[in-house]
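# Descriptive structure summary
Chain by chain, the residues run as shown.
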Amino acid sequence: MRLILRVIALVGISLAGSSAAAPPTYESNVLPILTAKCVACHGATSPQAGLDLRTAAGALKGGKSGAAVVRGSSERSLLISKVASRAMPPGDTKLDDTEIAAIRAWIDAGAPGMADAPVTEHDALPVFQMRCVACHGKRKQEGGLDLRTRASRLKGGKSGPAFVPGKPEESLLIRRIAAGEMPPPKLFSEAFVRPPTETEVATLKRWIGGGALPAPEGRPVEAAFGDKETAHWSFRPPSRPALPRVAATARVRTAIDAFVLEKLEAKGMTLSPDAGPGTLARRAWLAVTGLPPSPDELAAYLADPDPKSYERLVDRLLASPRFGERWAQFWLNAAGYADSEGIIDEDLIRPNAWRYRDYVIRSFNSGKPYNEFLTEQLASDELVDYKNEKTVTPALIDKLAATGFLRMVPDGTYSPANGSVAERMNVIADEIEVLSSSVMGLTVGCARCHNHKYDPIAQRDYYRLAAVLQTAYDPYDWLKPTERNLDIALDAERREVAAFNAPLETEIKRLQEALDAKPAPEKPEKERLSKALGDAKKKLRSKPSVRALYDMGGDPSPAFLLRRGEAQSIGDRVEPGVPGILEKTAGTLRAVPPREGTSGNRLALARWLTQPRHPLTARVMVNRIWMQYFGRGIVASVSNFGRNGMPPSHPELLDWLAVELEDSGWNLKHLHRLILTSSVFRQSSQSGAADPENILLSRMPLRRMDAEQLHDSILHAAGRLDLTAFGPPVPVEIKPGGEVAAQGGKDGWRRAIYVMQRRTTPPTMLDVFDLPAMTPNCIERGYSTVSTQALQLTNSAAVLEHAKFFAGRLIDEFGEDRNRQIENAYMRTRSRKPAAAEMAQALESLAALEKQWGAHLRERMGVEPIAQTARWRALASFCHALLSSAEFSYID
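Quantities reported herein were computed from a predicted structural model and do not represent experimental measurements. (Residues numbered from 1 in each chain as written. Predicted model: local features only at pLDDT ≥ 70, side-chain atom pairs only at ≥ 80, totals over all residues. Heavy atoms only, no water.)

Looking only at helices and strands, the protein chain has 37 helices and 8 strands in total. Across its three principal directions, the C-alpha atoms of the protein chain cover 105 × 90 × 65 Å. Across the 892 residues in the protein chain, those meeting the buried criterion constitute 54%. Counting only contacts in the protein chain whose residues sit at least 6 apart along the sequence, the fraction spanning at least 24 positions is 70%. (Helix = DSSP H or I, 4+ residues; strand = E, 2+ residues; numbered from the N terminus. Buried < 20%, exposed > 50% of the residue type's maximum accessible area, 1.4 Å probe, protein only. Contact = heavy atoms within 4.5 Å.)

In structure tokens:
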């Protein structure tokens with residue numbers, strides 16, 4: 001009752017009689033509450049987020065997030081949403097229930113006393129952008145009409161001006177919409193454009209009726225960042241620190257050791273002893289190539305008397321084609337690589353995405369400088385004049401495929417249900433996430449809806465960065481992902497595809513004629529023909545093309561800040577740019593003379609990112625490579641170098657390596673070699689109580705193989721690994737038990753990086769062992785230890801088959817010599833010979849297994865050669881146990 005009485009008092013309703021007092025007003029009933037609780041932040045000379053609550057007009061106008069008040073609907077009013085959820089005001093001073101109820105009552109009464117704000121072009125703009133510019137914009141101007149700017153709207157097209165200021169009913173625009181002619185119905189299926197809503201039409205009428213007022217000129221509210229924000233370590237350019245002096249000089253093999261030892265010695269600690277030669281060799285092979293050494297390779301290394309044998313091994317491994325296949329996987333994860341579009345259940349296959357995967361592998365193997373590698377991925381189409389090239393070369397296709405870096409996120413906009421402007425904005429948002437997390441190490445995506453809560457990144461900065469991509473990713477003039485590929489390929493590929501499809505096309509034609517025959521076939525025959533027709537069509541190979549990102553030509557649609565990140569809530573116009581906090585230390589984007597048909601915006605971004613001593617680019621890449629070797633980055637929050645991220649454990653080391661990477665000509669192999677030859681990498685993994693989390697790197701971490709390493713190592717040990725490189729992905733199949741596995745070929749099974757990465761059907765072996773989902777990408781993998789992993793290794797039909805092949809290979813090579821079979825099996829799986837006790841246990845186990853298999857086979861088969869088969873199956877069970885063991889799957 002007290003609450004009711006207080007609300008009545010606040011809103012000015014009289015209890016005397018049945019008549020109501022004067023309606024509540026802003027000045028009498030609302031402003032006193034807001035003055036006490038809100039105006040301190042939203043009423044000063046620079047109101048936060050542009051929201052000034054000192055007047056009713058200010059509340060209706062709103063700020064960067066839009067109108068604060070919706071007349072007659074407190075539930076839809078942002079002001080109520082914020083105060084009722086206690087999100088605002090910040091701190092302990094909140095509005096109580098009676099105060100919130102008073103504001104609700106005023107809004108629900110229609111906000112009396114609040115004058116209607118004039119409707120300007122700014123209010124009408126979302127309708128034009130969402131409903132009209134697909135046909136009257138950049139690439140298409142049906143009827144000669146361009147609706148992107150005020151001047152072009154007034155000019156009109158072939159039928160005259162689009163509208164008559166002050167006369168909505170006489171305006172051609174309104175008449176066409178009212179008649180259902182615009183947008184044309186076919187546009188929904190072609191460009192997924194829906195007709196304007198009643199509210200949107202009413203807005204257009206009010207705008208035209210009010211004289212078609214231009215958008216008010218106003219200076220956008222900018223976030224103010226001072227010395228405190230710019231002082232954060234990751235926003236300052238790196239500089240090369242002097243090497244520290246340490247006591248354990250004998251352990252300093254590279255500069256890395258000096259920086260790590262400095263931290264250790266300050267705690268009275270030092271590095272662990274060097275790992276044994278065999279242990280170190282297996283570690284290096286798996287780290288660099290993703291595969292263990294073969295027995296012959298390991299024996300040759302261990303027999304090399306050269307004191308620099310390990311350094312020479314590192315050089316051989318870095319020169320191996322397997323290096324690129326291993327390290328490309330991490331970059332592909334960061335780019336969000338997948339062979340399908342995702343989003344909807346169909347999970348449409350991307351038939352040409354593999355070209356980007358091959359580009360990354362070739363780049364790593366060739367030692368391409370990182371600055372060049374990055375520039376090609378952001379803007380190759382602005383570097384090469386591919387439209388006028390007379391000869392299509394593999395190098396040209398490779399360069400264009402590089403831009404697939406920004407074409408890998410989930411994209412369901414080929415579907416009418418997922419093709420709206422809002423869904424397109426989500427695709428662009430995912431690409432911003434890929435770019436910012438993998439290259440810049442910042443959580444820029446947090447500024448999509450509002451200023452970043454922790455880092456000095458304004459919402460305006462987010463949309464300036466998105467505007468850099470707008471000449472290629474224009475949400476208002478969109479290309480479906482199935483239409484965005486470049487129709488360019490090598491003649492040899494075209495001939496190969498044509499030859500493959502020719503018999504299928506003949507069969508499809510025959511089946512279709514049979515279905516269309518008169519009289520029509522009976523139902524069973526019709527169903528058989530339809531199924532055969534569908535199967536034949538699925539086998540057709542798509543026309544060779546390049547999945548690339550490229551400028552679409554012409555002037556891009558204007559780019560805008562979106563209030564609350566909503567596609568319909570268009571705010572201030574923005575120009576291409578980079579986060580303002582980085583402009584203070586890395587400068588602004590510098591215009592690049594564009595090639596014909598391009599803007600040069602993405603090339604300008606690439607040049608900005610790869611300029612000397614950029615605060616983030618080299619640091620972020622160095623940190624990501626370090627993480628893959630040691631399980632933890634020097635900055636543990638690998639994709640967040642911002643103020644809410646983790647500080648570097650060894651800041652001087654990070655800066656030294658970043659500067660060294662740049663000064664080496666951005667040579668990534670040079671960085672790998674520094675790490676691999678350091679005492680930090682060579683030390684043993686013995687545990688140390690003084691550094692339990694190994695933050696100071698007092699030992700080498702013991703780590704389990706990742707999913708791809710385990711998959712490939714099983715094939716390698718079994719002798720079934722097909723090292724064929726490049727080309728379309730290997731299809732996967734669903735086995736009778738439900739296991740998803742890659743299909744084998746005549747030469748065996750290919751590496752995991754070449755297996756089809758379809759979002760809905762990841763290979764079971766990889767999925768169980770923490771293959772990351774690309775949503776939209778993955779910078780740092782999670783590692784789990786769960787029972788399903790042991791069950792997968794034990795029960796997988798594929799692993800069982802590999803174990804049987806492994807055993808057969810041992811028999812072919814060593815006959816019936818059990819000792820040599822066991823020794824070689826150990827070398828293939830553990831990179832060492834078995835100890836005497838292990839040999840004795842293995843012989844005993846094999847004898848028991850042989851006996852059990854013999855009994856089992858007699859019961860099932862009842863015929864010979866039971867003894868020979870039992871010996872093979874016993875050895876296969878032994879090989880299966882080795883492949884499933886912890887020592888095989890862990891890297892010491």
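Picking up after the structure, the text goes on.
With respect to the helices, strands and loops of the structure, Arg 624 is situated in helix H26 (residues 617–630). Glu 780 provides the closest opposite charge to the buried, salt-bridge-free Arg 624, at an N-O distance of 10.0 Å. Aside from chain neighbours lying at most four places away, what touches Arg 624 is Phe 330, Trp 331, Ala 334, Ser 438, Val 638 and Ile 779. (Lys, Arg positive; Asp, Glu negative; His and termini not counted. Salt bridge = Lys/Arg side-chain N within 4 Å of Asp/Glu carboxyl O.)

All right, on to the environment of Ser 65 then. The residue Ser 65 is located in the loop between helix H3 (56–61) and helix H4 (78–84) in this model. Along the backbone, Ser 65 and Lys 509 are 444 residues apart, and their C-alpha atoms lie at a distance of 57 Å. What Ser 65 contacts, discounting residues up to four positions off in sequence, is Leu 78, Arg 563 and Arg 564.

The N-to-C vectors of helix H20 (residues 421–440) and H26 enclose an angle of 80°; their axes lie 7 Å apart at closest approach. By the angle between their axes, H20 is roughly perpendicular relative to H26. Residues Ser 438, Val 439 and Met 440 of H20 form the contact with H26, whose own contacting residues are Thr 617, Val 620 and Arg 624. Residues of the contact of H20 with H26, tallied by class, amount to 3 nonpolar, 2 polar and 1 charged. (Axes fitted to C-alpha atoms, helices over the stretch in contact; angles between N-to-C directions. Parallel < 35°, antiparallel > 145°, perpendicular 65-115°, else oblique. Nonpolar A, V, L, I, M, F, W, Y, C, P; charged D, E, K, R; others polar.)

The buried fraction of helix H28 (residues 668–676) is high, at 7 of 9 residues. Of all the positions in H28, only Leu 668, Lys 669, Leu 671, His 672, Leu 674, Ile 675 and Leu 676 are classed as buried.

Glancing now at the environment of Gln 377. Structurally, Gln 377 is set in helix H18 (residues 370–383). Gln 377 sits 74 residues away from Asn 451 along the chain, and the two C-alpha atoms are 28 Å apart. Those residues in contact with Gln 377 that lie beyond four places of it in its chain are Trp 331, Tyr 356, Tyr 359, Ala 402, Thr 403 and Phe 405.

Let us look at helix H12 (residues 255–266). Helix length check: H12, at 12 residues, gives a terminal C-alpha distance of 17 Å against a target of 16 Å (1.5 Å per residue), a fit within 8%. Among all positions in H12, only Ala 255, Ile 256, Asp 257, Ala 258, Phe 259, Val 260, Leu 261 and Leu 264 are buried. Its buried side turned inward, H12 meets H26, helix H27 (651–663), H28 and helix H29 (679–682). Looking at the residues trailing H12, positive phi occurs at Gly 268, about 75°. (Expected span 1.5 Å × (residues − 1).)

With the rule as written, the count across this model stands at 55 salt bridges. The salt bridge partner of Glu 341 is Arg 350, with a shortest N-O separation of 3.0 Å. Among the residues examined, Arg 350 registers a relative accessible area of 2% and is labelled buried. One network of salt bridges, with partners in common, ties together Arg 240, Arg 613, Glu 660, Glu 662 and Asp 663.

This part covers unusual backbone geometry. Backbone geometry follows two general trends: most residues other than glycine have a negative phi, and most peptide bonds adopt the trans configuration. With omega at 0°, the peptide bond leading from Lys 518 into Pro 519 counts as cis. Considering the arrangement of structural elements, one finds Pro 519 in the loop between helix H22 (491–516) and helix H23 (523–539). Although it is not a glycine, Arg 613 adopts a positive phi angle of roughly 60°. With respect to the element layout, Arg 613 can be found in the loop between helix H25 (601–609) and H26. Overall, Arg 613 belongs to the partly exposed group, its relative accessible area being 27%. Even without being a glycine, Leu 697 presents a positive backbone phi close to 65°. Summarising the element assignment, Leu 697 is placed in the loop between H29 and strand E3 (703–704).

Under the counting rule described, the total for this entry stands at 19 aromatic pairs. Relative to Trp 207, the ring of Phe 128 has its centre 5.9 Å away and its plane inclined at 80°; by these criteria the two rings are edge-to-face. Residue Phe 128 is found in helix H6 (residues 121–131), and its partner Trp 207 is found in helix H10 (residues 198–209); the two are separated by 79 residues along the sequence. The pair Phe 128 / Trp 207 is uniform in exposure class, with both members buried. Taken together, a centroid distance of 6.4 Å and an interplanar angle of 40° make the contact between Tyr 370 and Phe 373 tilted. Taken together, the residues Tyr 370 and Phe 373, both in helix H18 and 3 residues apart, mark about one turn of the helix. For the pair Tyr 370 and Phe 373, a shared accessibility class is recorded, and that class is buried. Three or more aromatic residues link up through ring pairs in this structure, and these residues are Trp 331, Tyr 356, Tyr 359, Phe 364, Tyr 370, Phe 373, Phe 405 and Trp 666. Lying across the ring of Trp 478, Arg 484 places its NZ or CZ 4.8 Å from the centre. Its end group placed over the ring of Tyr 754, Arg 750 keeps NZ or CZ at 4.4 Å from the ring centre. (Phe/Tyr/Trp six-rings, centres within 6.5 Å; stacked < 30°, edge-to-face > 60°. Lys NZ or Arg CZ within 6 Å of the ring centre and 35° of its normal.)

Formed by 130 residues in total, the largest nonpolar core has its most connected members in Trp 331, Tyr 356, Phe 405, Tyr 629, Leu 657 and Phe 681. Counting residues per element, this core draws most heavily on H20, at 10 residues. Not counting residues up to four positions away in its chain, the partners in contact with Phe 405 are Trp 331, Ala 335, Tyr 356, Gln 377, Leu 378, Glu 431, Val 434, Leu 435, Ser 438 and Val 439. Membership of the second largest hydrophobic core comes to 34 residues, among which are Met 705, Leu 810, Ala 825 and Ala 842. (Core = buried A, V, L, I, M, F, W, Y, C linked by side-chain atoms within 4.5 Å.)

Their axes nearest at 10 Å, the elements helix H13 (residues 277–289) and helix H14 (residues 295–302) cross at an angle of 130°. Compared by their axis directions, H13 and H14 come out oblique. The interaxial crossing formed by H13 with H14 has right-handed handedness. Contacts from Pro 277, Gly 278, Ala 281 and Trp 285 of H13 reach H14 at Glu 297, Leu 298, Tyr 301 and Leu 302. Here the residues of the contact of H13 with H14 are counted per class, giving 6 nonpolar, 1 polar and 1 charged. (Left-handed = near helix turned anticlockwise from the far one by under 90°.)

Okay, the side chain of Ser 363 next. For Ser 363, the location among the structural elements is in helix H17 (residues 354–366). You can call Ser 363 buried: its relative accessible area is 4%. If near-sequence neighbours (up to four positions away) are discounted, Ser 363 is found in contact with Lys 368 and Phe 373.

As a further point, take the confidence of the model for the protein chain. Summary statistics for the protein chain give a mean pLDDT of 90 and a share of 95% for residues scoring 70 or more. Within the model, the stretch residues 1–20 combines pLDDT values under 50 with 23 contacts to residues more than four positions away or in other chains. (pLDDT = per-residue confidence, 0-100.)

Within the structure shown, the criterion is met by 0 disulfides. Distance from the sulfur of Cys 135, which forms no disulfide, to the nearest cysteine sulfur (Cys 132) is 9.1 Å. Lacking any disulfide linkage, Cys 778 is separated from the closest cysteine sulfur, that of Cys 446, by 17 Å. (Disulfide = S-S within 2.5 Å.)

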